[in-house]
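In case you want the letters, here they are:
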Amino acid sequence: MDSFNEMAELLFADITKTPADYEEEYPPRNLEEGAIVTRFAPSPTGFLHFGGLFAAFIEKTAAKTTNGIFYLRIEDTDKKREVENGVSLIVKGLNDFGIEIDEGMLSETEEKGAYGPYTQSKRTPIYQAYVKSLVQKGLAYPCFMSEDELNEVRQRQEADKLLPGIYGEFAKYRDITVEEAKQRIENGEEYVVRLKSPGSADKRIKFKDAIKGEIEMPENILDVVLLKKDGTPTYHFAHAVDDHLMRTTHVIRGDEWISSVPIHLQLFYLLGFKAPKYVHISPIMKEENGGKRKLSKRKDPEAAVSYYSEQGFPKGAIWEYLMTLANSNYEDWRLANKDADIEEFKFALNKMSKAGALFDLVKLTDISKNYISTLNAEEVYEMVTEWAQANNEKLYDLLVNDEEYAKAIFAIERGNAKPRKDIGTWSDVENYVSYFYRELWDRKRDFAENLTNEDMIEILERYKEVYDENGAAEDWFPTVRDMAVEMGYAKAPKEYKKNPDDYKGHVGDVAGVIRVAVTGRRNTPDLYEIMQVLGGEVVTKRIDEAIDLLRA
Ligand code: GLU
């Protein structure tokens, strides 16, 4: 046995499988030409950032539009950052917004797909087999440097303004002999396994990023850690092995990883893998005091995906917004294709912005209002109920208690050419429906100020006489108008404006008094439709109550 093989056996005596075995176990995928295989690979840190959802959406869309595969891999190699139920939180975040995976983790423990395990902590023997193969080729070695030694190196490099890390003269164990390694291991010394980087300081590498374009950087010369003291891999190494074995074609990830690409390309090369295409997404930015900064987990509640679930943004609205952020030509496409399914849009990775997309909650809310205005009453009912079940028990009970009534409320002014846009998120619904439910309604005295109480009482008394709960929609306004004219109000605002002294007000004022009496509000959807849903008994009772209130 030559010394590299001996070293490999010393370090990995119980690793018997070889890279060739894994190549066979995870064969290339049988997909059509151009199919993108990509993944969302978060750490289970207990927080799903809106930027993560954005990345997952891009990845999913890229895979779907090419008949490829989108999978979820959990990168839990950093045990310090992990929290309990971290995986469930990610799975829920993706589920809430309809980002379905083809393969990968479905819960803390379940997964689907033939390229797993999809959790890195379950893949240790695989990584070790590949590190073993690198040791056999003299491309990796055990490093016994202590924390103190590493600190010393760091301080020296800082003082001398040198590139930080282990390389050249700092790589103390680069040429360690099998004998020495054996001795140290027998002494109980801990070690990591490092790459023996063949890079040189005067060489540069070039690669093409699908978003950022051609990028040139110095070649990697660092003997980076491949396996940590506990035998688990670093992010860099796990990335190379996993994305190769899971047959990823496109690594789509945050651009904080660009600086690591030289390490990654070197690893792919040394392991004999074909490198994937890199697609680095710029972070989502937020405008602040005229400048821009990253959307921050610490400062912005809307950085957490859970915020959108709790507020009740429907997934269709979130998709619309994410696509708007992803491809700047989407908004024009949407204007030209109002009723088309979002999936008909030709998404392009290379049309993504090089600078970070700008996050705008007002715009998202507008998009959401628009989206909700296109839904039918049935859909609104289903979505609100589902949201309320988890977020507003009182509302949930009212909605399920009388489904027909709730659907009738949501049907008001829906399906018109110009639908109303009163609801932006499901948390707006309680207020929106409040005057339809005794349990929610808190009558406000919101009458306009241009009429006296006596005038308003007179209007309501007269209206009670002409009100017909079975009246037809087209008769509603003429009835109010005739009544208004009889009482000395102008039949249209225009006429009133011409001769304000001739009238007490105009028909709009009269209708307004009825509206406030019935709903407590000055601004509502179509009053006739509202009264139909409330029914004659409630309408009459409310008018009586209003009269009492005005008399008091
Ligand atoms: N686990 C890495 C992260 O959370 C994933 C980066 C990648 O997608 O390769 O940032």
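Not measured: the values here are computed from a predicted model.

What follows is about the overall build of the protein. Within the protein one finds 23 helices and 14 strands. For a compact globule of 552 residues, the expected C-alpha radius of gyration is about 24 Å, and the protein comes in at 33 Å, more than 25% above that figure. For the protein, the spread of C-alpha atoms along the principal axes amounts to about 110 × 45 × 45 Å. Looking at the protein residue by residue over its 552 residues, the buried ones come to 51%.

We now examine unusual backbone geometry. Geometrically, the link from Gly 116 to Pro 117 is a cis peptide bond, its omega value of 0° lying close to zero. Among the structural elements, Pro 117 can be located in the loop between β4 (111–112) and α5 (124–136). The backbone of Asn 289 shows a phi angle near 45°, a positive value even though the residue is not glycine. With respect to the element layout, Asn 289 can be found in the loop between β12 (285–288) and β13 (291–294). Positive phi, close to 50°, is recorded for Glu 413, a residue that is not glycine.

What follows concerns the nonpolar core. With 116 residues, the main nonpolar core has Phe 50, Ile 58 and Phe 237 as its most contacted residues. If you tally residues by element for this core, the top one is helix α3 (residues 50–65), at nine residues. Setting aside anything within four residues of it in sequence, one finds Phe 237 in contact with Tyr 127, Tyr 130, Val 131, Leu 134, Leu 226, Leu 267 and Leu 271.

Now for the pairing of β12. The sheet contact formed by β12 and β13 spans four bridges and is antiparallel. When the bridges of β13 are listed, Met 285 appears paired with Lys 294. Here β12 pairs with strand β14 (residues 358–359) via two bridges, running parallel. Residue pairing across strands places Met 285 opposite Leu 358, the latter belonging to β14.

A separate point is the pattern of salt bridges. Evaluation of the coordinates by the stated rule reveals 38 salt bridges. Between Asp 243 and Arg 39 there is a salt bridge, with its nearest N and O atoms 2.9 Å apart. A residue pair is termed long-range when its members are at least 10 positions apart, and Asp 243 in helix α8 (residues 235–245) and Arg 39 in strand β1 (residues 37–40) qualify at 204 residues. Each member of the pair, Asp 243 as well as Arg 39, carries the same accessibility label: buried. Lys 64 is the partner of Glu 343 in a salt bridge, and the nearest nitrogen-oxygen pair spans 2.9 Å. A residue pair is termed long-range when its members are at least 10 positions apart, and Glu 343 in the loop between α12 (330–336) and β14 and Lys 64 in helix α3 qualify at 279 residues. Owing to a relative accessible area of 42%, Lys 64 belongs among the partly exposed residues under this scheme.

As a further point, take the sheet that holds strand β3 (residues 103–105). With respect to topology, four strands assemble into an open sheet ordered β1-β2-β3-β4, the strand pairing being mixed. With one partner strand each, in any of the chains shown, β1 and β4 form the two edges of the open sheet. Here β1 pairs with strand β2 (residues 69–72) via four bridges, running parallel. Note that in β2 the partner of Phe 40 across the bridge is Leu 72.

Interaxial distance between helix α19 (residues 473–486) and helix α21 (residues 507–519) falls to 9 Å at its minimum, and their mutual angle equals 115°. Of the possible angle classes, the one that applies to α19 and α21 is roughly perpendicular. Handedness of the α19/α21 crossing: right-handed. Contact with α19, carried on its side by Phe 477, Val 480, Arg 481, Met 483 and Ala 484, involves Val 507, Val 510, Ala 511 and Ile 514 of α21 and no other residues of that element. Its residues assigned to classes, the contact of α19 with α21 shows eight nonpolar, no polar and one charged.

Neighbouring residues of the ligand: Arg 39, Ala 41, Pro 42, Ser 43, Glu 75, Tyr 235, Arg 253 and Trp 257. In this structure, Arg 39 approaches the ligand through a side-chain N or O atom, which is 2.7 Å from an oxygen atom. Trp 257 is positioned such that a nitrogen or oxygen atom in its side chain is 3.2 Å from an oxygen atom of the ligand. Considered on its own, the ligand offers 300 Å² of accessible surface; in the complex 83% of this is hidden by protein.

Rules used throughout
Residues numbered from 1 in each chain as written. Predicted model: local features only at pLDDT ≥ 70, side-chain atom pairs only at ≥ 80, totals over all residues. Heavy atoms only, no water. Helix = DSSP H or I, 4+ residues; strand = E, 2+ residues; numbered from the N terminus. Rg over C-alpha atoms; globule rule 2.2 N^0.38 Å. Buried < 20%, exposed > 50% of the residue type's maximum accessible area, 1.4 Å probe, protein only. Core = buried A, V, L, I, M, F, W, Y, C linked by side-chain atoms within 4.5 Å. Contact = heavy atoms within 4.5 Å. Pairing = 2+ DSSP bridges. Salt bridge = Lys/Arg side-chain N within 4 Å of Asp/Glu carboxyl O. Axes fitted to C-alpha atoms, helices over the stretch in contact; angles between N-to-C directions. Parallel < 35°, antiparallel > 145°, perpendicular 65-115°, else oblique. Left-handed = near helix turned anticlockwise from the far one by under 90°. Nonpolar A, V, L, I, M, F, W, Y, C, P; charged D, E, K, R; others polar. Near = heavy atom within 4 Å. Polar contact = N/O pair within 3.5 Å; in protein donor to acceptor, adjacent residues only side chain to side chain. Areas by Shrake-Rupley, 256 points an atom, 1.4 Å probe, with all protein chains shown as cover.

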